[in-house]
Structure formats: C-alpha cells, structure tokens
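Working through the structure, step by step
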Amino acid sequence: MRTASLLTENDDDLLRAISNAGASVSEVGAHRIEVVTITRNRMCLHPVHLAEGEAIARSLGLDLPLDHRMFVPGNTLWTGERDGLEVQVRSALRQAVTL
C-alpha cells in the first residue's frame, strides 16, 4: 500500500502550493492579479496590468529576470523561490542595462 502514502504526500504538496498562492495573492492584492497557475512545486502570477509585474515580483522577493524579447509583445518573467515553491511573475519587458 505504498501507493496510498505517495498519493497523500502529493496531495499535501498541492494543498501547500494552493495555500501559498492564496497568501501571495492576498499579500500583493487580489485586484492586481488576473491569473494564477499552480502546480505542486510552482506558481505563476499574471498581473492585470503587465506594467505592475516587476513591482509585484519585487514585493514577493523575486529578483531573477528572464527577458523574452522575441515574443510579441515582449515580456520579462521574474522568478525566485518563496515558501519552498518556484514562483514566477510576468511583467512588461524591462529595459535591461547594457554594459
């Protein structure tokens, strides 16, 4: 019956992710978030206004940007870890500093 305990562990992971997503959305303001995608190990937040994405990400402690310049429109995906989950927040394409 090892299968049953694995299912329970997986259920716990999903419930933890859902709970953490709810807390994060409450923290930044539910009115600012359009879509939340949750898996057992990740959550992705899509702001109502992409221009607010970077501020939302930074308020959650996410500071790793990945710029997608070839998408139309381009966007930046801010990532980091929070409460044991990989967290991503979409934002408008940032203006990266060139050296």
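In case you missed it, the structure is sitting above this.
Note on numbering: residues in each chain are counted from 1, in written sequence order. This being a predicted model, a pLDDT of at least 70 is required before a residue's local features are given, and a value of 80 or more before pairs of side-chain atoms are given or counted; all residues contribute to the totals for chains, interfaces and linings. Excluding hydrogens and water, the side-chain values take into account all heavy atoms of the structure.

What about the pattern of salt bridges?
Salt bridges are defined as contacts in which a side-chain nitrogen from Lys or Arg sits within 4 Å of a carboxyl oxygen from Asp or Glu. This model, assessed by the stated rule, comprises 6 salt bridges. Arg-58 is paired through a salt bridge with Glu-54; the nearest N and O atoms lie 3.1 Å apart. Highlighted residues: Arg-58 and Glu-54, both in helix H2 (residues 53–59), separated by 4 residues, approximately one helical turn. Salt bridges linked by common partners bring Asp-67, Arg-69 and Arg-94 together as one network. Only runs of H or I of at least four residues qualify as helices and only runs of E of at least two qualify as strands under DSSP, and these elements are numbered from the N terminus.

Quick word on a nonpolar patch on the surface
Where nonpolar side chains cluster on the molecular surface, the patch consists of Leu-15, Ile-18, Val-36 and Ile-38 and spans about 310 Å² of accessible area. Those elements that provide at least two residues to the nonpolar patch are helix H1 (2–28) and strand E1 (33–38). As for its position among the elements, Val-36 is in strand E1. Burial classes: relative accessible area under 20% of the type maximum marks a residue as buried, over 50% as exposed, and values in between as partly exposed (1.4 Å probe, protein chains only). The exposure class assigned to Val-36 is partly exposed, which follows from its relative accessible area of 36%. The patch calculation keeps residues exceeding 30% relative accessible area without a salt bridge and links them within 9 Å when they carry like charges or within 5 Å when they are nonpolar (Val, Leu, Ile, Met, Phe, Trp, Tyr). Accessible areas in this description were obtained via Shrake-Rupley with a 1.4 Å probe; residue shielding takes into account the shown protein chains only.

Brief notes about the sheet that holds strand E4 (residues 75–82)
In this analysis, strands are considered paired if DSSP registers two or more bridges between them. Sheet architecture is open: 5 strands sit in the order E1-E2-E5-E4-E3, paired in mixed fashion. Each edge of the open sheet is held by one strand with a lone partner, namely E1 and strand E3 (64–68). For this sheet the average axis-to-axis angle between neighbouring strands, irrespective of direction, equals 20°. Helix axes are fitted to C-alpha atoms over the stretch in contact, other axes to C-alpha atoms as well, and angles between N-to-C directions run from 0 to 180 degrees.

Digging into the side chain of Asn-20
Here Asn-20 shows up in helix H1. Under the relative-accessibility criterion, Asn-20 is labelled buried at 14%. If we ignore the near neighbours within four places in the chain, the residues touching Asn-20 are Met-43, Asp-83 and Leu-85. Any two residues whose heavy atoms approach within 4.5 Å at even a single point are treated as in contact.

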